[in-house]
Amino acid sequence: MTEPRAAMVKRLHMRSMRRGIKEMDLILSAFAGRHLAAMSDADLALYDQLLAENDHDIYGWVGGQFAVPDVYAPLIGRIAAEAHGVTRPA
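The structure presented is a predicted model; accordingly, all values stated were derived computationally and were not measured.

*Asks:* Just checking my understanding: could you explain the nonpolar core for this structure?
*Replies:* In this structure, L36, Y47, L50, V62, L75 and I79 are the most contacted members of the largest nonpolar core, which totals 25 residues. When residues of this core are traced back to their parent elements, those giving at least two are α1 (5-17), α2 (22-35), α3 (41-51), α4 (55-63) and α5 (73-81). Contacts of L50, omitting those with residues within four sequence positions, involve I58, W61, Y72, L75, I76 and I79.

*Asks:* Would you mind showing me how to read the packing of α2 against α4 here?
*Replies:* A pair of packed helices is characterised by two quantities: the angle between their axes and the separation of those axes. Viewed as axis vectors pointing N to C, α2 and α4 meet at an angle of 60 degrees, and their least axial separation amounts to 10 Å. By the criterion of interaxial angle, the relationship of α2 to α4 is oblique. The handedness of the crossing between α2 and α4 comes out as left-handed. On the side of α2, the interface is formed by E23, M24 and I27, while α4 contributes D55, I58, Y59 and V62.

*Asks:* I tried to follow the side chain of D25 on my own but got confused; where do I start?
*Replies:* Looking at where D25 falls in the secondary structure, it is placed in helix α2. K22 provides the closest opposite charge to the buried, salt-bridge-free D25, at an N-O distance of 4.3 Å. Each residue touching D25, except ones within four places of it in the same chain, is listed here: S16, M17, R18 and R19.

*Asks:* What is the right way to read α2 from this model?
*Replies:* In an α-helix, one turn spans 3.6 residues; hence positions three or four apart end up facing the same way. Helix length check: α2 (14 residues) gives 20 Å between terminal C-alpha atoms against 20 Å at 1.5 Å per residue, within 8%. The complete set of buried residues in α2 reads M24, D25, I27, L28, F31, A32 and H35. On its buried side, α2 packs onto α1, α3, α4 and α5.

Conventions we followed
Residues numbered from 1 in each chain as written. Predicted model: local features only at pLDDT ≥ 70, side-chain atom pairs only at ≥ 80, totals over all residues. Heavy atoms only, no water. Core = buried A, V, L, I, M, F, W, Y, C linked by side-chain atoms within 4.5 Å. Buried < 20%, exposed > 50% of the residue type's maximum accessible area, 1.4 Å probe, protein only. Helix = DSSP H or I, 4+ residues; strand = E, 2+ residues; numbered from the N terminus. Contact = heavy atoms within 4.5 Å. Axes fitted to C-alpha atoms, helices over the stretch in contact; angles between N-to-C directions. Parallel < 35°, antiparallel > 145°, perpendicular 65-115°, else oblique. Left-handed = near helix turned anticlockwise from the far one by under 90°. Lys, Arg positive; Asp, Glu negative; His and termini not counted. Salt bridge = Lys/Arg side-chain N within 4 Å of Asp/Glu carboxyl O. Expected span 1.5 Å × (residues − 1).

Rendered as structure tokens:
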């Protein structure tokens, strides 16, 4: 059974808000609130896959401390563009 889109968006938003580290709560919940509803189904699936990654890895990717896996590069770029002040001083 396929998850209805509205349920998926709601689930992803909740997973964005309840992360392992507070910085990721702030970064991902803000991003999710602004973008999830307008994302394509393929982008939502990729975001879901990203949320399964380790928070410290995601934080390092967003902050530029670690090389971003190619599959996530465009998505992390979008997230990082809006994360100034959380990952590094604005």
